[in-house]
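A closer look at the structure
Each chain, written out:
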Amino acid sequence: MFTHTHALQYEAKPDGPDPDFARKMQEVLGGQWGEMTVATQYLLQGWNCRLPGKYKDLLLAIGTEELAHVEMIVTMIDRLLDHIPLKPDAADRTKEAAAGYGQHNPQHPIVNGAGASYMDSMGNPWTGAYVTASGNLYADFMYNATAEMQGRLQVARLYNMTDDPGVKDMLRFLITRDHYHQQQWLHALEQLKEDGLEGVPVPEAFPLEEEVGDLGYTFIDASDGPEAASGRWASGPSYDGRGTYSARPIEATADAPILPPGDPRLFPTPQMEGQSMLQKAKDMLK
């Protein structure tokens, strides 16, 4: 059950309108790594979680907080769109003024009535395809940490694209919360291992004896770059503590594939010119 409180978690008030920056802000609302993604991702992971207790509660708590961030960003975009110009100022026909006017998102006034929408900064609609909820908590928490890193990176970039004190204040808040959320997911990963629920490789339950040879601990060098195998990933004890890394060049271990003739009912290009080859294919399919 959800309830809504009109008061915001943190202030979202610019010092002045800026339709160009409103467009930029759309990225952290409806982009792949925006607040709509993490809010719905954490909630879906939580709702789907079949393990009652701290992990399910964690997901639902942070997912709900991220909904608060969605509202903050929508509010900020709406306020940045106050007094949005509907056409270039007739008194200023300079190239600079025309270029500035052209940076705003025309869908903001035309489609949304000077409001935000669930789209990214280029007008691409937000999609649930951005959301990952695999049912494996370790895999999901690792992806969640990545989402927070990407989100913080984008908000930090936005911070350097504005001089508006009010906007920068809200962005500082979002950057700070992303800092915590990164740590939160990384600790949750460690907690899963401590609780004996999951670890690397994911899933741990798949029997290692079913893996192919020593490839679970082998760096395969498929590049002519001389330094590819010089890192920790190519020598020494493995991350999972069950083996030792090694490196070797990539090699072919199977024959070159030769496919049979295509189904003539699908009109493929014959393997050889002439009708005789096509007739042979037809005969094979009888």
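On a predicted model such as this, the values are computed, not experimentally measured, just so you know. (Residues numbered from 1 in each chain as written. Predicted model: local features only at pLDDT ≥ 70, side-chain atom pairs only at ≥ 80, totals over all residues. Heavy atoms only, no water.)

In the structure shown here, the tally under the stated rule is 9 salt bridges. A salt bridge links Arg177 to Glu65; the shortest N-O distance between them is 2.8 Å. Taken as a pair, Arg177 in helix 8 (residues 165–194) and Glu65 in helix 4 (residues 54–80) lie far apart in primary sequence, 112 residues in all. For Arg177, a relative accessible area of 23% gives the class partly exposed. Across the pair Arg265 and Asp263 runs a salt bridge whose closest N-O atoms are separated by 2.6 Å. Of the residues examined, Asp263 reaches a relative accessible area of 21% and is grouped as partly exposed. (Salt bridge = Lys/Arg side-chain N within 4 Å of Asp/Glu carboxyl O. Helix = DSSP H or I, 4+ residues; strand = E, 2+ residues; numbered from the N terminus. Buried < 20%, exposed > 50% of the residue type's maximum accessible area, 1.4 Å probe, protein only.)

So, on to the environment of Ala129. Relative to the helices and strands, Ala129 is located in the loop between helix 6 (107–110) and helix 7 (137–159). Residue Ala129 is classed as exposed on the basis of its relative accessible area of 66%. For the pair Ala129 and Gln32, spaced 97 residues apart in sequence, the C-alpha to C-alpha distance is 9.0 Å.

Grouped together as the largest cluster of nonpolar side chains are 28 residues, with contacts concentrated most on Met25, Ile73, Ile77, Met170, Leu171 and Leu174. In this view, Leu174 contacts Glu35, His69, Met72, Ile73 and Val155; residues no more than four positions away in its chain are not counted. Grouped together as the second largest cluster of nonpolar side chains are 16 residues, Ile62, Tyr138, Ala147 and Leu192 included. (Core = buried A, V, L, I, M, F, W, Y, C linked by side-chain atoms within 4.5 Å. Contact = heavy atoms within 4.5 Å.)

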